[in-house]
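# Coordinate analysis (summary)
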Amino acid sequence: MNVGFLQAGFMRLKQKTLIDRIEMRIARKRDAVFLTREFRDLGGEDQVLRALRLLVRRQRLVRLGYGVYGRAMQSRLTGAPMLDSPNGFIGATRQALNKLGVVWEPGEAEKAYNAGMSTQVPVNPVVKIRGRFARQLRYGGAELVLER
């Protein structure tokens, strides 16, 4: 009997690890932001959090806040991980707010700029929220500012 053939068959039947399953799910989705609850069905809460922390260390994800992670890509200039979002940090935070079910609208400075009443381009990401929201979303030196 050919032992190499049996070993190859066994390797094919080997179960995927939790990290492999999380990475496959991230690769399938087009979202730039992921919540820990999206992976709740794959394992226990502690296991999922441990796997997400490992993916942050492996530079496949970046942590934006409590339970909020963003897709990462490697910077061509520095080699460091950076947020992979088409609209940058503000787009990622808005997507996170939508996933968290927070009702938001653009901040006053952004509304004034979009209406043509101001020529100042808002630099800091500011959103106006309704209701309760206490999480801090930040990446690098940027932090989401909340207006009430």
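Residues numbered from 1 in each chain as written. Predicted model: local features only at pLDDT ≥ 70, side-chain atom pairs only at ≥ 80, totals over all residues. Heavy atoms only, no water.

Here we come to the overall build of the chain. Counting secondary structure elements, the chain contains five helices and nine strands. Listing the helices and strands of the chain from first to last along the sequence gives α-α-β-α-β-β-β-α-β-α-β-β-β-β. Against the 2.2 N^0.38 benchmark of 15 Å for 148 residues, the chain shows a C-alpha radius of gyration of 20 Å, more extended than a compact globule. Counting across all 148 residues of the chain, residues that qualify as buried make up 32%. Taking as baseline every contact in the chain between residues at least 6 positions apart, the subset at least 24 positions apart corresponds to 50%. Here the chain carries 27 positive and 13 negative side-chain charges, and the mean point of each set is 6 Å from the other. (Helix = DSSP H or I, 4+ residues; strand = E, 2+ residues; numbered from the N terminus. Rg over C-alpha atoms; globule rule 2.2 N^0.38 Å. Buried < 20%, exposed > 50% of the residue type's maximum accessible area, 1.4 Å probe, protein only. Contact = heavy atoms within 4.5 Å. Lys, Arg positive; Asp, Glu negative; His and termini not counted. Charge placed at Lys NZ, Arg CZ, Asp CG, Glu CD.)

Turning our eyes to something else, we now look at the packing of helix α2 (residues 18-28) against helix α3 (residues 45-57). At their nearest, the axes of α2 and α3 sit 10 Å apart, and the two run at 70 degrees to each other. In terms of orientation, α2 and α3 fall into the roughly perpendicular class. The two elements α2 and α3 cross, and the hand of that crossing is right-handed. Residues L18, I19, I22, E23 and I26 of α2 lie in contact with α3, whose contacting residues are Q47, V48, A51, L52, L54 and L55. (Axes fitted to C-alpha atoms, helices over the stretch in contact; angles between N-to-C directions. Parallel < 35°, antiparallel > 145°, perpendicular 65-115°, else oblique. Left-handed = near helix turned anticlockwise from the far one by under 90°.)

What follows covers the nonpolar core. Grouped together as the largest cluster of nonpolar side chains are 19 residues, with contacts concentrated most on V33, L64 and V68. Listing elements by their share of this core, those giving two or more residues are β1 (33-35), β2 (61-65), β3 (68-74), α4 (88-100) and β6 (126-130). The element that contributes the greatest number of residues to this core is α4, accounting for five residues. In terms of nonpolar packing, the next biggest core, distinct from the first, is built from 13 residues, I22, F39, A51 and Y69 among them. (Core = buried A, V, L, I, M, F, W, Y, C linked by side-chain atoms within 4.5 Å.)

Scanning the entire structure with this criterion turns up ten salt bridges. Salt-bridge contacts for R138 lead to E143; the nearest nitrogen and oxygen are separated by 3.4 Å. Classification of R138 by relative accessible area gives partly exposed; the value is 40%. For E143, a relative accessible area of 34% translates into the label partly exposed. (Salt bridge = Lys/Arg side-chain N within 4 Å of Asp/Glu carboxyl O.)

Before going further, it helps to examine unusual backbone geometry. Here the phi dihedral of Q59 falls at roughly 65 degrees; this positive angle occurs in a residue that is not glycine. Judged by relative accessible area, which is 40%, Q59 ranks as partly exposed.

Pairing is mixed in the open sheet, where three strands are placed in the order β5-β6-β9. Edge positions in the sheet fall to β5 (103-106) and β9 (145-147), since each has one partner strand and no second. Across the sheet, the mean angle separating the axes of adjacent strands is 40 degrees when strand polarity is ignored. Pairing of β5 with β6, which is carried by four bridges, proceeds in the antiparallel orientation. When the sheet's bridge partners are listed, V103 is paired in β6 with R130. Its contacts with the sheet place α4 against β5 and β6, and it is angled at close to 10 degrees to β6. (Pairing = 2+ DSSP bridges.)

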